[in-house]
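# Breakdown of the fold
Spelled out from the first residue to the last, the chains are:
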Amino acid sequence: MGYVDLYVVRRPLTFAGIEGDRGRALFSVVGVPFDSTSTHRTGQRYGPLFVREASMNIESNGYSVEGFIEDVPFYDEGDVGVVHGSVGVTIDRVSKVVSEIAGEGRVPVVIGGEHTITLGVIRGLKATGLRPCVLAFDAHFDLRLNYLSNTLSHACTMRRVLEELGGVNIAFIGVRGFDREELSFANGNPQITYYTPRTLESMGVASVVSEVKKFLSECGELYITVDMDVYDPAYAPGVGNPEPGGLTSREALPMLAALVDERVVGLDVMEVTPQYDVGGVTSMLAAKTLQEALIAAFKGRAKQP
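Overview of the structure. (Residues numbered from 1 in each chain as written. Predicted model: local features only at pLDDT ≥ 70, side-chain atom pairs only at ≥ 80, totals over all residues. Heavy atoms only, no water.)

Now for the nonpolar core. By size, the foremost hydrophobic cluster in this structure holds 93 residues, and its most contacted members are Phe15, Leu135, Phe137, Phe172, Val212, Ile224 and Met228. Take this core: its biggest share by element is nine residues, from helix 10 (residues 281–302). Once residues within four sequence positions are removed from consideration, leucine 135 is found in contact with Ala171, Ile173, Val212, Leu216, Leu222, Tyr223, Ile224, Thr225 and Leu259. (Core = buried A, V, L, I, M, F, W, Y, C linked by side-chain atoms within 4.5 Å. Buried < 20%, exposed > 50% of the residue type's maximum accessible area, 1.4 Å probe, protein only. Helix = DSSP H or I, 4+ residues; strand = E, 2+ residues; numbered from the N terminus. Contact = heavy atoms within 4.5 Å.)

Okay, here's the thing in structure tokens:
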């Protein structure tokens, strides 16, 4: 019995309404319904359910990339059986599940849940010998050394990821909320680059995409994480830590599609908080974001010789 059999629970809803064929899948979708370190709004544990439901009720075509989700060979594994209140045990379970998926040659695609889950995914990839650079669409750096005396907090995720991987490049898009220590750390680290929404306004989408591609050009592998608070609250009100002044869907989706390529070894969409959503728009946008990334990742792999 493997870790997927041990820790993953099958769910009646599947992403895009497609269960898929695990034997032929290149991507494995996994939900992680966990929110125990949330410090403002809680409820991210319901994110995987609501994102899957929304994904079954949007059209299957890409927005800024040609293709259809039904042509992407993915398999929806279900949800990791998390331990509420124990971030350490939950991260360990996520790590083991991801390690098994990646070890079998599939790309883990994770629906959160809060952002600490990303650390578990990165640990699982590292266990299989992968050491990806990271592209983070996020309103926050999540680079705190600790938050409320907790080093395994959603506000510390990227700091722990950098420590885990050591020396890899990480690019942030959409960041606009941080404390002094985080800003100083980011500005003093040559492995970090970031683009605020104001920078995006002045430079334009194409220029930011070009610069990020250059910054990540030497990376052999790439991990992409999308915190839904990267979007302006007008587009995604149902998140744990909304921050005004964010990206529009017409900015974020084309950037995501342009930056996803054949090097992607994992991706996630995090922090949907359905209780604070309005008309399900955040869940729908999260489903579209994940759909866009999956289509782009598959097309990137299809271009490989």
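Following glycine 112, the chain continues to glycine 113 via a peptide bond in cis, the omega torsion being 15°. With respect to the helices and strands, glycine 113 occurs in the loop between strand 4 (107–112) and helix 4 (117–127). A positive phi angle, close to 55°, is found at aspartate 142, a residue other than glycine. Here aspartate 142 lies in the loop between strand 5 (133–137) and helix 5 (157–165).

For the structure on display, the rule yields 17 salt bridges. One salt bridge in this structure joins aspartate 179 and arginine 144, with 3.2 Å as the shortest N-O distance. Taken together, the residues aspartate 179 in the loop between strand 6 (170–173) and helix 6 (180–187) and arginine 144 in the loop between strand 5 and helix 5 connect sequence positions 35 residues apart. Residue classification places arginine 144 among the partly exposed residues on the basis of a relative accessible area of 23%. Between arginine 263 and aspartate 261 there is a salt bridge, with its nearest N and O atoms 3.0 Å apart. The pair formed by arginine 263 and aspartate 261 is uniform in burial state, with each residue classed as buried. Put simply, Arg11, Arg52, Asp76 and Asp79 are held in one network by salt bridges that share partners. (Salt bridge = Lys/Arg side-chain N within 4 Å of Asp/Glu carboxyl O.)

The final tally for this structure, using the stated rule, is five aromatic pairs. Ring geometry for phenylalanine 141 and phenylalanine 178: centres 5.3 Å apart, planes at 35°, overall tilted. Separated by 37 residues along the polypeptide, phenylalanine 141 in the loop between strand 5 and helix 5 and phenylalanine 178 in the loop between strand 6 and helix 6 bring together distant segments of the chain. With 5.1 Å between their ring centres and 85° between their planes, phenylalanine 141 and tyrosine 194 make a pair best called edge-to-face. Placement of phenylalanine 141 in the loop between strand 5 and helix 5 and of tyrosine 194 in strand 7 (residues 192–195) is noted, with a sequence separation of 53 residues between them. Judged by its relative accessible area of 0%, phenylalanine 141 is buried. Feature note: the residues Phe141, Phe172, Phe178 and Tyr194 constitute an aromatic cluster, connected by ring pairs. (Phe/Tyr/Trp six-rings, centres within 6.5 Å; stacked < 30°, edge-to-face > 60°.)

Turning to the packing of helix 3 (residues 87–103) against helix 4, a few remarks are in order. Contact geometry of helix 3 with helix 4 gives a least axis separation of 7 Å together with a crossing angle of 40°. Classified by the interaxial angle, the pair formed by helix 3 and helix 4 is oblique. In the crossing of helix 3 with helix 4, the sense of the turn from one axis to the other is right-handed. Side by side, helix 3 and helix 4 meet where Ile91, Val94, Ser95, Val98, Ser99 and Ala102 of the first sit next to Ile117, Leu119, Gly120, Val121, Arg123, Gly124, Leu125 and Ala127 of the second. (Axes fitted to C-alpha atoms, helices over the stretch in contact; angles between N-to-C directions. Parallel < 35°, antiparallel > 145°, perpendicular 65-115°, else oblique. Left-handed = near helix turned anticlockwise from the far one by under 90°.)

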